[in-house]
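A look at the structure
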Amino acid sequence: MNTTTKSHDDNNNIVWHSHSVTKEQRSQQKQQQPCVLWFTGLSGAGKSTVAGALEHKLLSLGYHTYLLDGDNVRHGLCKDLGFSAQDRRENIRRIGEVATLMADSGLIVLSAFISPYREERQLVRDLLPQGEFIEVFVDTPLAECEKRDPKGLYKKARAGEIKQFTGIDAEYQAPLQPEIHLAADSHNINELVEQCIDALRSQSIIT
(Lines give C-alpha, C1' and ligand atoms only; values in the text may rest on other atoms or scores of the structure.)
Protein backbone atom coordinates (compact mmCIF):
# COMPACT_ATOMS: atom_id res chain seq x y z
CA MET A 1 0.00 0.00 0.00
CA ASN A 2 1.37 3.40 -0.96
CA THR A 3 1.67 5.99 1.78
CA THR A 4 2.29 9.69 1.42
CA THR A 5 3.78 12.10 3.88
CA LYS A 6 2.62 15.69 3.91
CA SER A 7 5.51 18.02 3.22
CA HIS A 8 6.06 21.76 3.46
CA ASP A 9 5.61 21.94 -0.33
CA ASP A 10 2.03 20.70 0.06
CA ASN A 11 1.20 23.77 2.15
CA ASN A 12 2.62 26.01 -0.56
CA ASN A 13 0.01 24.62 -2.96
CA ILE A 14 -2.88 25.65 -0.69
CA VAL A 15 -4.27 29.07 -1.51
CA TRP A 16 -6.89 30.97 0.52
CA HIS A 17 -10.07 31.43 -1.51
CA SER A 18 -11.93 34.71 -1.10
CA HIS A 19 -15.68 34.26 -1.42
CA SER A 20 -17.97 36.62 -3.29
CA VAL A 21 -20.15 37.03 -0.19
CA THR A 22 -18.14 39.04 2.33
CA LYS A 23 -18.03 39.07 6.10
CA GLU A 24 -19.46 42.59 6.04
CA GLN A 25 -22.45 41.42 3.99
CA ARG A 26 -23.11 38.53 6.36
CA SER A 27 -22.90 40.90 9.32
CA GLN A 28 -25.24 43.41 7.69
CA GLN A 29 -27.76 40.64 6.99
CA LYS A 30 -27.73 39.70 10.68
CA GLN A 31 -27.60 43.36 11.75
CA GLN A 32 -24.85 42.78 14.28
CA GLN A 33 -21.12 43.12 14.84
CA PRO A 34 -19.45 39.68 14.86
CA CYS A 35 -17.02 38.86 17.64
CA VAL A 36 -15.64 36.08 19.82
CA LEU A 37 -16.46 36.26 23.53
CA TRP A 38 -13.72 34.16 25.14
CA PHE A 39 -14.73 33.04 28.66
CA THR A 40 -11.72 31.95 30.71
CA GLY A 41 -11.38 30.92 34.35
CA LEU A 42 -10.79 27.97 36.63
CA SER A 43 -12.76 24.74 36.41
CA GLY A 44 -16.03 25.34 38.24
CA ALA A 45 -15.77 29.12 37.90
CA GLY A 46 -19.07 29.28 36.04
CA LYS A 47 -17.81 29.95 32.51
CA SER A 48 -20.30 27.69 30.73
CA THR A 49 -23.16 28.75 33.01
CA VAL A 50 -22.62 32.46 32.38
CA ALA A 51 -21.94 31.95 28.66
CA GLY A 52 -25.12 29.89 28.29
CA ALA A 53 -27.23 32.45 30.14
CA LEU A 54 -25.72 35.25 28.06
CA GLU A 55 -26.48 33.38 24.84
CA HIS A 56 -30.13 33.05 25.91
CA LYS A 57 -30.24 36.79 26.61
CA LEU A 58 -28.68 37.66 23.25
CA LEU A 59 -31.11 35.32 21.49
CA SER A 60 -34.04 37.05 23.19
CA LEU A 61 -32.68 40.37 21.90
CA GLY A 62 -32.61 39.04 18.34
CA TYR A 63 -28.89 38.35 17.92
CA HIS A 64 -27.35 35.39 16.10
CA THR A 65 -24.98 33.39 18.30
CA TYR A 66 -23.21 30.08 18.81
CA LEU A 67 -21.74 28.66 22.02
CA LEU A 68 -18.57 26.54 21.92
CA ASP A 69 -18.14 24.59 25.16
CA GLY A 70 -14.97 22.80 26.26
CA ASP A 71 -16.47 19.38 27.02
CA ASN A 72 -18.63 19.39 23.88
CA VAL A 73 -15.65 20.16 21.65
CA ARG A 74 -13.71 17.32 23.29
CA HIS A 75 -16.44 14.92 22.13
CA GLY A 76 -15.91 15.75 18.47
CA LEU A 77 -13.42 18.20 17.01
CA CYS A 78 -10.76 17.48 19.62
CA LYS A 79 -11.60 13.93 20.72
CA ASP A 80 -8.18 12.76 19.50
CA LEU A 81 -6.38 15.05 21.96
CA GLY A 82 -5.27 14.29 25.50
CA PHE A 83 -4.37 16.71 28.26
CA SER A 84 -0.63 17.12 27.79
CA ALA A 85 0.66 20.68 27.43
CA GLN A 86 1.04 20.14 23.68
CA ASP A 87 -2.45 18.70 23.28
CA ARG A 88 -4.02 21.48 25.36
CA ARG A 89 -2.35 24.06 23.15
CA GLU A 90 -3.60 22.28 20.03
CA ASN A 91 -7.08 22.14 21.56
CA ILE A 92 -7.12 25.93 21.94
CA ARG A 93 -5.63 26.45 18.46
CA ARG A 94 -8.40 24.39 16.84
CA ILE A 95 -11.11 26.11 18.82
CA GLY A 96 -9.65 29.49 17.89
CA GLU A 97 -9.70 28.62 14.20
CA VAL A 98 -13.31 27.41 14.38
CA ALA A 99 -14.40 30.48 16.35
CA THR A 100 -12.72 32.71 13.77
CA LEU A 101 -14.59 31.03 10.92
CA MET A 102 -17.86 31.41 12.81
CA ALA A 103 -17.18 35.10 13.40
CA ASP A 104 -16.44 35.40 9.67
CA SER A 105 -19.98 34.10 9.07
CA GLY A 106 -21.27 37.08 11.06
CA LEU A 107 -22.01 35.31 14.34
CA ILE A 108 -21.41 36.38 17.91
CA VAL A 109 -19.42 33.39 19.17
CA LEU A 110 -19.30 32.50 22.87
CA SER A 111 -16.41 30.26 23.83
CA ALA A 112 -16.05 28.73 27.33
CA PHE A 113 -12.67 27.12 28.06
CA ILE A 114 -10.26 27.15 30.98
CA SER A 115 -7.47 28.17 28.54
CA PRO A 116 -5.05 28.73 31.44
CA TYR A 117 -2.16 30.38 29.60
CA ARG A 118 -2.02 33.97 28.39
CA GLU A 119 0.09 32.98 25.39
CA GLU A 120 -2.62 30.61 24.12
CA ARG A 121 -5.37 33.19 24.58
CA GLN A 122 -3.20 35.72 22.74
CA LEU A 123 -2.81 33.20 19.93
CA VAL A 124 -6.59 33.26 19.43
CA ARG A 125 -6.77 37.05 19.79
CA ASP A 126 -4.21 37.38 17.01
CA LEU A 127 -6.45 35.40 14.64
CA LEU A 128 -9.17 38.05 14.77
CA PRO A 129 -9.37 41.68 13.63
CA GLN A 130 -8.85 44.38 16.26
CA GLY A 131 -11.83 44.61 18.60
CA GLU A 132 -13.38 41.24 17.71
CA PHE A 133 -11.76 39.20 20.51
CA ILE A 134 -13.39 39.96 23.84
CA GLU A 135 -11.75 38.25 26.78
CA VAL A 136 -14.19 37.53 29.61
CA PHE A 137 -12.47 36.65 32.88
CA VAL A 138 -14.83 34.65 35.08
CA ASP A 139 -12.99 35.43 38.29
CA THR A 140 -14.09 32.92 40.91
CA PRO A 141 -11.70 32.17 43.81
CA LEU A 142 -10.18 28.68 43.90
CA ALA A 143 -11.83 27.97 47.28
CA GLU A 144 -15.27 28.67 45.80
CA CYS A 145 -14.53 26.54 42.72
CA GLU A 146 -13.50 23.66 44.97
CA LYS A 147 -16.64 24.12 47.04
CA ARG A 148 -18.80 23.87 43.94
CA ASP A 149 -16.73 21.11 42.25
CA PRO A 150 -19.66 20.14 39.95
CA LYS A 151 -17.74 17.30 38.27
CA GLY A 152 -15.80 16.11 41.31
CA LEU A 153 -12.53 16.98 39.59
CA TYR A 154 -10.95 18.96 42.42
CA LYS A 155 -11.55 16.07 44.81
CA LYS A 156 -9.78 13.72 42.39
CA ALA A 157 -6.95 16.21 41.87
CA ARG A 158 -6.42 16.61 45.63
CA ALA A 159 -6.34 12.82 45.93
CA GLY A 160 -3.68 12.61 43.23
CA GLU A 161 -5.97 10.87 40.76
CA ILE A 162 -5.68 13.72 38.23
CA LYS A 163 -2.25 15.17 37.51
CA GLN A 164 -1.51 18.67 36.21
CA PHE A 165 -4.95 19.95 37.16
CA THR A 166 -5.29 23.70 36.66
CA GLY A 167 -5.30 25.57 39.96
CA ILE A 168 -3.95 22.62 41.97
CA ASP A 169 -0.65 21.45 40.50
CA ALA A 170 -0.79 23.38 37.21
CA GLU A 171 -0.73 27.15 36.81
CA TYR A 172 -3.61 29.38 35.80
CA GLN A 173 -2.50 32.73 34.38
CA ALA A 174 -5.28 35.22 35.00
CA PRO A 175 -5.92 37.83 32.30
CA LEU A 176 -4.11 41.10 32.90
CA GLN A 177 -6.52 43.38 31.03
CA PRO A 178 -9.68 41.48 30.11
CA GLU A 179 -12.35 43.35 28.21
CA ILE A 180 -14.90 42.02 30.72
CA HIS A 181 -14.05 41.11 34.33
CA LEU A 182 -16.74 39.16 36.19
CA ALA A 183 -16.40 38.71 39.96
CA ALA A 184 -18.29 35.45 39.81
CA ASP A 185 -18.11 34.21 43.39
CA SER A 186 -21.72 35.42 43.54
CA HIS A 187 -24.49 33.09 42.35
CA ASN A 188 -26.48 35.93 40.77
CA ILE A 189 -26.16 34.91 37.13
CA ASN A 190 -28.57 37.61 35.94
CA GLU A 191 -26.29 40.35 37.29
CA LEU A 192 -23.27 38.81 35.54
CA VAL A 193 -25.20 38.56 32.27
CA GLU A 194 -26.28 42.21 32.52
CA GLN A 195 -22.66 43.19 33.15
CA CYS A 196 -21.73 41.44 29.90
CA ILE A 197 -24.61 43.08 28.02
CA ASP A 198 -23.56 46.52 29.26
CA ALA A 199 -19.97 45.88 28.17
CA LEU A 200 -21.04 44.68 24.73
CA ARG A 201 -23.16 47.79 24.27
CA SER A 202 -20.33 50.07 25.38
CA GLN A 203 -18.08 48.43 22.78
CA SER A 204 -20.78 48.72 20.06
CA ILE A 205 -21.00 44.96 19.58
CA ILE A 206 -24.74 45.19 20.22
CA THR A 207 -27.09 48.19 20.41
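Residues numbered from 1 in each chain as written. Predicted model: local features only at pLDDT ≥ 70, side-chain atom pairs only at ≥ 80, totals over all residues. Heavy atoms only, no water.

- As recorded in an unreviewed UniProt entry, the chain goes by the name Adenylyl-sulfate kinase, listed as coming from Photobacterium kishitanii.
- Its UniProt record gives the chain the following Pathway (unreviewed entry) comment, quoted word for word: "Sulfur metabolism; hydrogen sulfide biosynthesis; sulfite from sulfate: step 2/3."
- Looking at the Sequence similarities (unreviewed entry) heading of the UniProt record, one finds this comment for the chain: "Belongs to the APS kinase family." (UniProt positions renumbered as here; feature names shortened; annotations may be inferred.)

Re the UniProt feature "binding site: ATP" (unreviewed entry) in the chain
- Residues given the UniProt feature "binding site: ATP" (unreviewed entry) here are Gly-41, Leu-42, Ser-43, Gly-44, Ala-45, Gly-46, Lys-47 and Ser-48.
- Within the secondary structure, Ala-45 is located in the loop between β1 (35-40) and α3 (47-60).
- Apart from the residues lying within four places of it in its own chain, the contact partners of Ala-45 are Val-138, Thr-140, Cys-145, Arg-148 and Ala-184.
- By the element assignment, Ser-48 lies in helix α3.
- Those residues in contact with Ser-48, other than ones at most four positions away along the chain, are Asp-69 and Ala-112. (Helix = DSSP H or I, 4+ residues; strand = E, 2+ residues; numbered from the N terminus. Contact = heavy atoms within 4.5 Å.)

Some words on the pattern of salt bridges
- Tallied over the full model, the rule gives eleven salt bridges.
- The salt bridge partner of Arg-26 is Asp-104, with a shortest N-O separation of 3.2 Å. Of this pair, Arg-26 sits in helix α2 (residues 23-30) while Asp-104 sits in helix α5 (residues 85-104), placing them 78 residues apart in sequence.
- The residue Lys-57 makes a salt bridge to Glu-194 at a minimum N-O spacing of 3.7 Å. One end of the pair, Lys-57, is in helix α3; the other, Glu-194, is in helix α9 (residues 189-202), with 137 residues separating them in the sequence.
- Given the relative accessible area of 33%, Glu-194 is considered partly exposed.
- Through salt bridges with shared partners, a single network forms among Arg-121, Arg-125, Glu-135 and Glu-179. (Salt bridge = Lys/Arg side-chain N within 4 Å of Asp/Glu carboxyl O. Buried < 20%, exposed > 50% of the residue type's maximum accessible area, 1.4 Å probe, protein only.)

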